[in-house]
Amino acid sequence: MTATTQFGLEEVLAQELRALGAKIEKVGQRAIEFTGTKQLLYEANLWCRTAVRILKPFAGFYARDEKALYREVGRIDWQDYIRPDQTFAITAVVNKSTFEHSLYVAQLTKDAIVDQFRNRTGSRPSVDVKNPDIRLHLHMIENDVVLSLDASGDSLHRRGYRQQTNVAPLNEALAAGIILLTGWDGKKPFIDPMCGSGTLLTEAALIAQRIAPGLYHQGKFSFQNWADFDQSLWDSVLMDARSARIEEPQAYLAGSDLSREYIELARENVAAADLEDYIRLGVRDVKDAQAPKNEPAGIVVSNPPYGERIGEEAQMEALYKTIGDTLKTGFQGYDAYLFTGNLEAAKRVGLKASRRIPLFNGPIDCRLLKYELYQGTRKVSKPE
């Protein structure tokens, strides 16, 4: 099988798969190749926080040109994978190949499949790009083709708890990846003083309470439409996932934001995820944020604005300076992680980053910066 993810999260995902019992064959760029049972395939879709899709390769060949591609696709017995009454769609990814357009490759593959059905049965499955029963994935690199069944359906980062689509927050898989990269134990306090619509906090709660993110998945997973789908195995995997949830709050989770509107959105998302008992939210300026009293030192994780609009440079520099001041005065003894796409403004935090992890937020080149906030000063005074 192959699990796809975002750049920079490959090792995190490999670790998640190992924890489920997968044997890792190869850690590639944005993809992990692994082997395991049918149960593992189901569990990977349900439990992997940083996966985008789980694919199951079933055919591979070399296609020198269009004729060869059509011929090789036609050699596969498609009735093993698609019933005539099902709908299907093909996603093609083409790299370094003599074929220039992935859409054209997808179209040609579709023609070969449909023609085979027509010739053999007189009827054919329909194409449904939006919500197909069977999703096929074609990956071509230098004219070597791998065809896979997409087990996931809708991208796994779309958890289904997010109530609004008009704001552009972190995607859920990236938010989970950022948290897992910090090495947070799910027990220490977790604070986000610029929480926006609350994605980091929601993902932190899912980790702390041992909740499988796939339980929020909307509609069916694609593997539920496969010929070899095992309903009783799936029921038992689901039952195990539901009973793994810990009801008792495991960590102090709190977020705040200057925008009342964002905090309302965060409340809606947290409620949709059924996590109100685990996350505290409040309207507060970042300059007033501080560590909770009577709690041990924990971590601060935040994704501050990057200021992509023209003329926002000065504003961003002032904001990042404020963030630095808040961390120094309000969160001594904590570790802080800032995820940002504005590396110029990040210099104004005024703290030396002990780690800088490259990641992307969509097309934006970002860094996850770690700051160790020591209690008082770092100098050790010699005894008199």
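Preceding this section is the structure that the text describes.
Residues numbered from 1 in each chain as written. Predicted model: local features only at pLDDT ≥ 70, side-chain atom pairs only at ≥ 80, totals over all residues. Heavy atoms only, no water.

Draft legend 1. Structural context of the overall build of the protein chain. Looking only at helices and strands, the protein chain features ten helices and 15 strands. A principal-axis box enclosing the C-alpha atoms of the protein chain has dimensions of 90 × 45 × 45 Å. Residue burial in the protein chain is summarised as follows: out of 384 residues, 52% are buried. Carbon and sulfur atoms form 48% of the exposed surface of the protein chain, whose accessible area is close to 19,200 Å². (Helix = DSSP H or I, 4+ residues; strand = E, 2+ residues; numbered from the N terminus. Buried < 20%, exposed > 50% of the residue type's maximum accessible area, 1.4 Å probe, protein only. Areas by Shrake-Rupley, 256 points an atom, 1.4 Å probe, with all protein chains shown as cover.)

Draft legend 2. Up close: the packing of helix α5 (residues 172–182) against helix α6 (residues 199–208). Look at α5 against α6: their axes get within 9 Å of each other, and the N-to-C directions meet at 65°. As α5 runs across α6, the sense of the crossing is right-handed. Contact residues: α5 offers E172, A175, A176, I178, I179 and L180, while α6 offers T199, L200, E203, A204 and I207. Looking at the contact of α5 with α6, its residues break down into eight nonpolar, one polar and two charged. (Axes fitted to C-alpha atoms, helices over the stretch in contact; angles between N-to-C directions. Left-handed = near helix turned anticlockwise from the far one by under 90°. Contact = heavy atoms within 4.5 Å. Nonpolar A, V, L, I, M, F, W, Y, C, P; charged D, E, K, R; others polar.)

Draft legend 3. Structural context of the nonpolar core. Counting 63 residues, the largest nonpolar core has W184, L253 and L275 as its most contacted members. Per-element accounting of this core gives the leading share, seven residues, to α6. Look past the residues within four positions of W184 in its chain and what remains in contact with it is I179, P189, F190, A204, I207, A208, A251, L253 and I299. Judged by nonpolar contacts, the second largest core, of 59 residues, contains I54, I82, L108 and F223. (Core = buried A, V, L, I, M, F, W, Y, C linked by side-chain atoms within 4.5 Å.)

Draft legend 4. Structural detail: the pairing of strand β7 (residues 134–141). The buried count for β7 comes to six of eight residues, which makes it a mostly enclosed element. Alignment of β7 against strand β8 (residues 144–150), held across six bridges, turns out to be antiparallel. Bridge pairing in β8 places H139 opposite V146. Joining the antiparallel neighbours β7 and β8 is a turn of two residues, in which E142 adopts a positive phi near 50°. (Pairing = 2+ DSSP bridges.)

Draft legend 5. Representation of the sheet that holds strand β6 (residues 126–127). Strand order in the open sheet made by the eight strands is β2-β3-β1-β4-β8-β7-β5-β6, with mixed pairing throughout. Two strands in the sheet have a free side with no partner beyond their single neighbour: β2 (23–27) and β6. With seven bridges connecting them, strand β4 (residues 53–62) and β8 associate as antiparallel partners. Across the sheet, F61 pairs through a bridge with V145, a residue of β8.

Draft legend 6. Inspection of the environment of I299 at higher detail. By the secondary structure assignment, I299 is in strand β12 (residues 299–302). On the basis of relative accessibility, which here comes to 8%, the residue I299 falls in the buried class. Separated by 107 residues in the primary sequence, I299 and D192 place their C-alpha atoms 8.8 Å from one another.

Draft legend 7. Seen up close, the pattern of salt bridges. Using the criterion set out here, one finds 24 salt bridges in the structure. A salt bridge links D228 to K38; the nearest nitrogen and oxygen atoms lie 3.9 Å apart. Taken together, the residues span a long stretch of sequence, with D228 in the loop between α6 and α7 (231–244) and K38 in helix α2 (residues 38–47) at a distance of 190 residues. Look at K38 and you get partly exposed, because its relative accessible area is 31%. The shortest N-O distance in the salt bridge between R348 and E317 comes to 2.8 Å. (Salt bridge = Lys/Arg side-chain N within 4 Å of Asp/Glu carboxyl O.)

Draft legend 8. Looking closely at the pairing of strand β14 (residues 355–361). In the sheet, β14 pairs with strand β15 (residues 364–372) via seven bridges, with the strands oriented antiparallel. If you follow N361 over to β15, its bridge partner there is I364. Connecting β14 to the next strand, β15, in antiparallel fashion are two residues, including G362 with a positive phi near 60°.

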